[in-house]
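Descriptive structure summary
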Amino acid sequence: MCGKGFVHFLDMPSSIQSDQIPKVYHFIWLGSRRPFFLIAAIKSVLVRCQDAKVILWTDDDTNLHHIESLIKDLRFSLREIDMKKLIEAIPDEFIKTRVNEILNIAGTRSSMQKTNPVERSKSNLVRYLILLKYGGVYLDADTLMIKDFDMLLQESSGIIGKENSIWPIVRRRNPLHRLIWAPLLEVVRFLAVQIPVGYKWNALYRKMCSSSENNAVMAFTAGHPYLLKCFEYITSMRHEEIIRPLRLGPFLLQRVSKTYDRDDLTTYDEPYFYPYGPMISQHFFRKRRQVESVANYMVRPQTFVLHWGASTRSLGAYTEERIIAGNPKDVFSYLALKVLKDYEQTV
């Protein structure tokens, strides 16, 4: 997508390398409909991160609805995904060929069913390729930047985070975990979701859970060895594994991290990016009488990014008009409204 008045600050030779992660934040959205929570996520980066530049990668660059305010911002760019160009960043020819093959099968429901790759699995591969070629920070659409991420970019050339997990890949085959401990954790989590103050159970739940890598928030320099290791591992995956959920996502990072012994990767604990894991994060969307105090409790001092997790089904009902029109009654609306107001002051 050249021209059309967009700023293309990534149109540079891919051979350019840097020891520091660039302050470029990447989002991916497949399809023409762009929900409000994606726009809020982008604006939160532009507001909270000094000198940030944001790219929204898409397979449909024709629909500009809901991003009119962003395309006027010189820090924002809309880019069309060019898989051929991205795959060129892989130095090994065998891995290039294998990744092309995987793009045709990843995410299909069964080995016998010939369907196009589902969006989530394709997004997993695209995010690794973008970071390998250009470097920068990748954020899922269901995130919100809480404070300046840039200070973390100076700490390491590679960054990933961990989340609370009941079913990490390394414990799934353990009989005691599968039959006793994990079901107990499921009960604790269920109760924490049901009761109004269940978000306060998160500290206990976190101590009981495993801590495992997630790929919703990542940052790397271009050509980082950890990303190359991820692609090496992908080429060894069986067809039956590739088509299953999460295998190209968090489970991939969990497996690669077990054997990665270089000192160029920093892994941050749950409060940094995933303070509330799947399910308990539903408390971000519950109506509250004192929403500000609940928000102040739920946003931890260490938190740089909020990932909404499994609560994305709650996000679809939110619009910018709804957020602006009413007094916020839930934590998501409260935090999103602050982002919108702060963004308006910067443009």
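1. Focus: the overall build of the protein
Scanning the protein from N- to C-terminus turns up 16 helices and nine strands. Taken across its 347 residues, the protein has 54% of its residues classed as buried. For the protein, the exposed surface amounts to about 16,300 Å²; the carbon and sulfur share of it is 51%.

2. Some words on the side chain of His283
On the secondary structure map, His283 appears in the loop between α12 (270-273) and α13 (291-298). Judged by relative accessible area, which is 0%, His283 ranks as buried.

3. Thoughts on the packing of aromatic side chains
Going through the model one piece at a time under the given rule, you end up with 22 aromatic pairs. Aromatic side chains Phe285 and Phe332 sit 5.6 Å apart centroid to centroid with 35° between the ring planes, which places their arrangement in the tilted category. You can see Phe285 sitting in the loop between α12 and α13 and its partner Phe332 sitting in helix α16 (residues 331-346), a full 47 residues away along the chain. You'll find Phe285 and Phe332 in the same group, each marked buried. Clustering of aromatic rings is evident, with ring pairs tying together Tyr25, Phe149, Tyr268, Tyr272, Phe273, Tyr274 and Phe304. Note that Lys133 overlies the ring of Tyr134, its terminal NZ or CZ placed 5.6 Å from the centroid. Lying over the aromatic face of Tyr297, Arg300 brings its terminal NZ or CZ to 5.3 Å of the ring centre.

4. Notes on the environment of Leu129
Secondary-structure assignment places Leu129 in helix α5 (residues 119-134). Residues Leu129 and Leu86 lie 43 residues apart in sequence; the distance between their C-alpha atoms is 5.8 Å. Every residue in contact with Leu129, bar those within four places of it in the chain, is listed here: Met83, Leu86, Ile87, Ile90 and Phe231.

5. Points about the side chain of Glu163
Tracing the backbone shows Glu163 in strand β6 (residues 158-165). One buried charged residue, Glu163, remains without a salt bridge, the closest side chain of opposite sign being Arg189 at 8.4 Å. A polar atom in the side chain of Glu163 sits 2.9 Å from the side chain of Asn214. Glu163 has contacts with Ser210, Ser211, Ser212, Asn214, Glu270, Tyr274 and Pro278, leaving out every residue within four places of it along the chain.

6. Quick notes on a nonpolar patch on the surface
Taken together, Val187, Phe190, Leu191 and Trp201 make up a surface patch of nonpolar side chains, about 370 Å² in accessible area. The topology assignment puts Phe190 in helix α7 (residues 175-194). You can call Phe190 exposed: its relative accessible area is 52%.

7. Description of a negative patch on the surface
A cluster of acidic side chains, namely Asp59, Glu80, Asp82 and Glu88, defines a negative patch on the protein surface. With respect to the element layout, Glu88 can be found in the loop between α3 (83-87) and α4 (93-103). A residue is classified by how much of its surface remains accessible, and Glu88, at 48% relative accessible area, is partly exposed.

8. Details of the sheet that holds strand β3 (residues 76-80)
Reading across from one edge, β3-β2-β1-β4-β7-β6-β8 is the order of the seven strands in this open sheet, with mixed pairing throughout. Two strands bound the open sheet, and with one partner strand each, they are β3 and β8 (266-268). Strand-to-strand twist across the sheet, computed as the mean angle between neighbouring axes with direction ignored, equals 35°. Set on the sheet, helix α11 (residues 250-259) makes contact with β6 and β7 (210-220); between it and β7 the angle comes to about 100°.

9. Examining the nonpolar core
Core analysis: the biggest nonpolar cluster contains 71 residues, and Tyr25, Phe149, Phe273 and Phe332 have the highest contact counts within it. Beyond its immediate stretch of four places on either side in the chain, Phe332 contacts Phe36, Phe37, Phe284, Phe285, Trp308, Leu315, Tyr318 and Ile323. By size, the runner-up hydrophobic cluster in this structure holds 40 residues, among which are Leu30, Met83, Ile87 and Cys230.

10. Let's talk about α11
In terms of burial, α11 is a largely internal element, seven of the 10 residues being buried. Every buried residue of α11 is listed here: Pro250, Phe251, Leu252, Leu253, Gln254, Val256 and Ser257.

11. Re the pairing of strand β1 (residues 24-29)
Most of β1 is tucked away: six of the six residues are buried. Burial along β1 is two-sided: the residues Val24, His26 and Ile28 and Tyr25, Phe27 and Trp29 are all buried. Bridge analysis of β1 against strand β2 (residues 53-58) gives six bridges, and the strand direction is parallel. From the neighbouring strand, Val24 faces β2, where its bridge partner is Lys53. Once you follow β1 into helix α1 (residues 36-48) and on to β2, the crossover reads as right-handed.

What counts, and at which threshold
Every chain is numbered on its own, with residues counted from 1 as its sequence reads. In view of the model being predicted, local features appear only for residues whose pLDDT reaches at least 70, and side-chain atom pairs are presented and counted only at 80 or more, with totals across whole chains, interfaces and linings using the full set of residues. Values reported for side chains reflect all heavy atoms of the structure, with hydrogen atoms and water molecules removed beforehand. Here a strand is any run of E in DSSP of at least two residues, a helix any run of H or I of at least four, and the numbering for each starts at the N terminus. To sort residues, take the accessible area from a 1.4 Å probe on protein chains only and compare it with the maximum for the residue type: under 20% means buried, over 50% means exposed, and anything in between is partly exposed. Each accessible area value is a Shrake-Rupley result obtained with a 1.4 Å probe; residue values ignore everything except the protein chains displayed when judging cover. Pairing of aromatic rings covers Phe, Tyr and Trp, the last counted by its six-membered ring, and requires centre-to-centre distances within 6.5 Å; plane angles under 30 degrees mean stacked, over 60 mean edge-to-face, and any other angle means tilted. Note on criteria: charge over ring means Lys NZ or Arg CZ within 6 Å of the ring centre, with the direction from the centre no more than 35 degrees off the ring normal. Only heavy atoms matter for contacts: two residues are in contact if any of them lie within 4.5 Å across the pair. In this tally, Asp and Glu contribute negative charge and Lys and Arg positive charge; neither His nor the terminal groups of the chain are included. The term salt bridge refers to a side-chain nitrogen of Lys or Arg lying within 4 Å of a carboxyl oxygen of Asp or Glu. In the analysis that follows, any N or O atom pair within 3.5 Å is treated as a polar contact, provided that within protein one partner can donate a hydrogen and the other can accept it, and provided that, for residues neighboring in sequence, both atoms belong to side chains. A patch consists of residues exposed above 30% relative accessible area that lack any salt bridge, with like charges linked at up to 9 Å and nonpolar side chains (Val, Leu, Ile, Met, Phe, Trp, Tyr) linked at up to 5 Å. Lysine's charge is taken at NZ, arginine's at CZ, aspartate's at CG and glutamate's at CD. Two strands qualify as a pair provided DSSP detects at least 2 bridges between them. Note on definitions: angles span 0 to 180 degrees between N-to-C directions of axes, and those axes are lines fitted to C-alpha atoms, for helices only across the stretch in contact. Only buried residues count toward a nonpolar core. Its members are Ala, Val, Leu, Ile, Met, Phe, Trp, Tyr and Cys residues joined through side-chain atoms within 4.5 Å. A clockwise course of the path from the first strand over the helix to the second, judged with the strands pointing away from the viewer, identifies a crossover as right-handed.

On their own, these measurements won't tell you what the molecule is for.
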